[in-house]
Amino acid sequence: PGEAGSRVFTLGLRSGETAFKEGAATRTWGVNGAYLGPTVRARRGEEVAFAVRNELDQETSLHWHGMHLPAAMDGGPHQTVAPGGTWEPRWRIDQQAATLWYHPHVHGATGDHTYRGLTGLFIVDDDATDALNLPSEYGVDDIPMIVQDRAFDRDNQFEERIPLAGSLGVIGDEILVNGTLGPYFDVTTGLVRLRLLNGSNARLYNFGFSDDRAFSLVATDGGLLAEPWETDRLHLSPGERAEIVVAFEPGETVDLRSYPSPEYGGASGRLDGFADLLDICRFRAADTLSDDTEVPAVLGAAPDLAAEAVAQERSFVLASDRINDRSMAMDRIDFGVREGTVEVWEVTNDNGYLHNFHVHDVQFQVLTVDGETPPPHLRGWKDTVMVAQGRRYRLAMRFGGHTDPNMPYMYHCHLLQHEDDGMMGQFVVL
Ligand code: C2O
Ligand code: CU
Ligand code: CU
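Residues numbered from 1 in each chain as written. Chains lettered and ligands numbered in written order. Predicted model: local features only at pLDDT ≥ 70, side-chain atom pairs only at ≥ 80, totals over all residues.

**Quick notes on the overall build of the protein**
Counting its secondary structure elements, the protein contains three helices and 31 strands. Taking 22 Å as the expected radius of gyration for a compact globule of 430 residues, we find that the protein reaches 20 Å, a close match to that expectation. Along the longest, intermediate and shortest principal axes, the C-alpha atoms of the protein span 60 × 55 × 50 Å. Here the protein holds 430 residues, and the buried ones make up 48% of them. Pairs at least 24 apart in sequence give 77% of the contacts found in the protein among residues at least 6 apart. (Helix = DSSP H or I, 4+ residues; strand = E, 2+ residues; numbered from the N terminus. Rg over C-alpha atoms; globule rule 2.2 N^0.38 Å. Buried ≥ 20, exposed ≤ 12 C-beta atoms within 10 Å, placed from the backbone. Contact = placed C-beta atoms within 7 Å.)

**Observations concerning the confidence of the model for the protein**
With 96% of its residues at a pLDDT of 70 or more, the protein shows a mean pLDDT of 94. Reported confidence for the predicted complex is 0.99 by ipTM and 0.97 by pTM. (pLDDT = per-residue confidence, 0-100.)

**Regarding the domain arrangement of the protein**
A common way to report how large an interface is uses the accessible area buried once the components associate. Looking at the assigned domains, one finds that the protein contains domain 1 (6-127), domain 2 (142-290) and domain 3 (310-429). Residue-level contacts link 17 residues of domain 1 with 16 residues of domain 3. Here the residues of the side of domain 1 that touches domain 3 sort into six nonpolar, nine polar and two charged. (Domains from an automatic or database assignment. Nonpolar A, V, L, I, M, F, W, Y, C, P; charged D, E, K, R; others polar.)

**Observations regarding the UniProt feature "domain: Plastocyanin-like" (unreviewed entry) in the protein**
Per the UniProt entry, the sites bearing "domain: Plastocyanin-like" (unreviewed entry) are residues 17-127, 173-248 and 318-429 in this numbering. The distance from the first to the last C-alpha atom of residues 17-127 is 40 Å, and the span holds 7% helix and 41% strand. A distance of 28 Å separates the end C-alpha atoms of residues 173-248, which is 0% helix and 66% strand. (UniProt positions renumbered as here; feature names shortened; annotations may be inferred.)

**Points about the pairing of strand 2 (residues 24-31)**
A regular strand carries its side chains on alternate faces of the sheet. Looking at chain direction, strand 1 (residues 6-21) and strand 2 are connected through seven bridges and run antiparallel. Residue pairing in the sheet places T18 in a bridge with T26 of strand 2. Linking two consecutive strands that pair antiparallel, namely strand 1 and strand 2, is a turn of two residues; a positive phi of about 75° is found at G23 within it. (Pairing = 2+ DSSP bridges.)

**Some points on unusual backbone geometry**
In the Ramachandran plot, L36 falls in the positive-phi region, its phi being about 60° despite a non-glycine side chain. In this structure, S320 is a non-glycine residue whose phi angle is positive, near 50°. With respect to the helices and strands, the residue S320 is situated in the loop between strand 22 (310-319) and strand 23 (322-323).

**Focus: the nonpolar core**
Formed by 106 residues in total, the largest nonpolar core has its most connected members in M145, V147, L196, V218, I244 and L395. Setting aside residues up to four positions removed in sequence, V147 forms contacts with I175, V177, L196, L197, N198, G199, S200, Y205 and I280. (Core = buried A, V, L, I, M, F, W, Y, C linked by C-beta atoms within 7 Å.)

**Details of the sheet that holds strand 17 (residues 223-231)**
The strand order across the open sheet formed by seven strands is 12-11-10-14-19-16-17, and the pairing between neighbours is mixed. Two strands in the sheet have a free side with no partner beyond their single neighbour: strand 12 (180-181) and strand 17. With five bridges connecting them, strand 16 (residues 215-220) and strand 17 associate as antiparallel partners. Of the residues in strand 17, the one forming a bridge with T220 is G223.

**So, the pairing of strand 11 (residues 174-177)**
Two elements, strand 10 (residues 142-150) and strand 11, share four bridges in a ladder whose sense is antiparallel. In the strand pairing of strand 11, Q148 is matched with L176. In sequence, strand 11 turns back onto strand 12 through a hairpin of two residues, with N178 there showing a positive phi of about 50°.

**Some details on the sheet that holds strand 27 (residues 365-369)**
Read from one edge to the other, the open sheet built from five strands follows the order 23-22-25-29-27, with strand pairing classed as mixed. A strand with exactly one partner marks an edge of an open sheet, and here the two such strands are strand 23 and strand 27. When strand 25 (residues 342-349) meets strand 29 (residues 392-398), the two strands line up antiparallel, connected through seven bridges. Bridge pairing links T348 to R392 in strand 29.

**Remarks on the environment of D94**
In this fold, D94 is placed in the loop between strand 7 (90-92) and strand 8 (98-103). By C-beta crowding, D94 is classed as partly exposed, having 14 other C-beta atoms within 10 Å. Placed 48 residues apart in sequence, D94 and E46 show a C-alpha to C-alpha distance of 8.1 Å. Apart from residues lying up to four places away in sequence, D94 is in contact with H68 and G401.

**Structural notes on the environment of H355**
Here H355 lies in strand 26 (residues 355-359). H355 gets classed as buried once you count the C-beta atoms within 10 Å, which come to 25. Residues H355 and R41, spaced 314 residues apart in sequence, show a C-alpha to C-alpha distance of 30 Å.

Put into structure tokens, the structure is as follows:
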């Protein structure tokens, strides 16, 4: 790569050791380092190019979750990189500012490879978002937070064995934020924007602060909401992102936590860790805080697909590691969609476990949840949505920009054990 006009990012996928705990070396994987990877940042309209070098001893891939791009650049199970090999995708960034991310996507091992640490953020910027006065100084008042649960075994290695009763994979009881156990952040500004990624394989988080203070949700998976939504709790299922802005007082200390979410426990109850109260990160505010950003009353444009002509409706029933009673097959393309058209996908969770639903290449609009207007946190652009037990979600999406009759995109449950067990399908854009 590296022709005029494109920026080249070199990403090396490697193994190493990380000292999460003092005096203990945990074997991990990382991108350009031992655990996790750099934040990639690019602007709307920019051409990006990558050299993804696989320095591991097994094949893997790197998928750009949330990105609108040609299927051959998507980094899914058809774009695996052999050990020693280099993969060179390139595309033009053609979507609004958003917090996206990357992770491996090799069929049957996405969960294991992601768990070991091949994960990073991919932030897209644009002029409209820059023109707002939101906190936006990276690492100062605009903070990436990759939230992951991990279980450590007696030798301080990541526990990868799936418990006997668990269909979700490992649920850990220790929380890493950006690869750090027991993290804290020193606040120097009155407002801080947190870019939260649920980077866990299976754990659901119900974020809130220890004093139940309100915060503003300003963006979801695909970018800014039309207007901020003030809340004191926010659920994120694996793969989902949220940008929140929270206000701090000089000198105070407050914790970001994950609170129990009994309403989503369903048949699996405690086993899924939905009853857990977890400390995520401590915020320690300085005695004087600078104060020059704001949460504007108007942020972006609301998704606008509800009034569009619908070319095709499809229904997807999630149950027992299958979608519509079918298990993922690498050599079967499940359907084709027409370029430029809007489709409505109705997704139903037909069993007692929590699932979520992710579609590659597009951002979608949640039209209804069980026939009702979606709650405020589902009114922005989404690429992954929690699909609670027994509920029905109608999602509208517009396909296009990139067509390829032979190379599919994926749709799947983003609880990675479910994905690896076959709860995934493939579509092409024609
Ligand atoms: Cu985040 Cu198909 O994946
Ligand atoms: Cu994806
Ligand atoms: Cu699932």
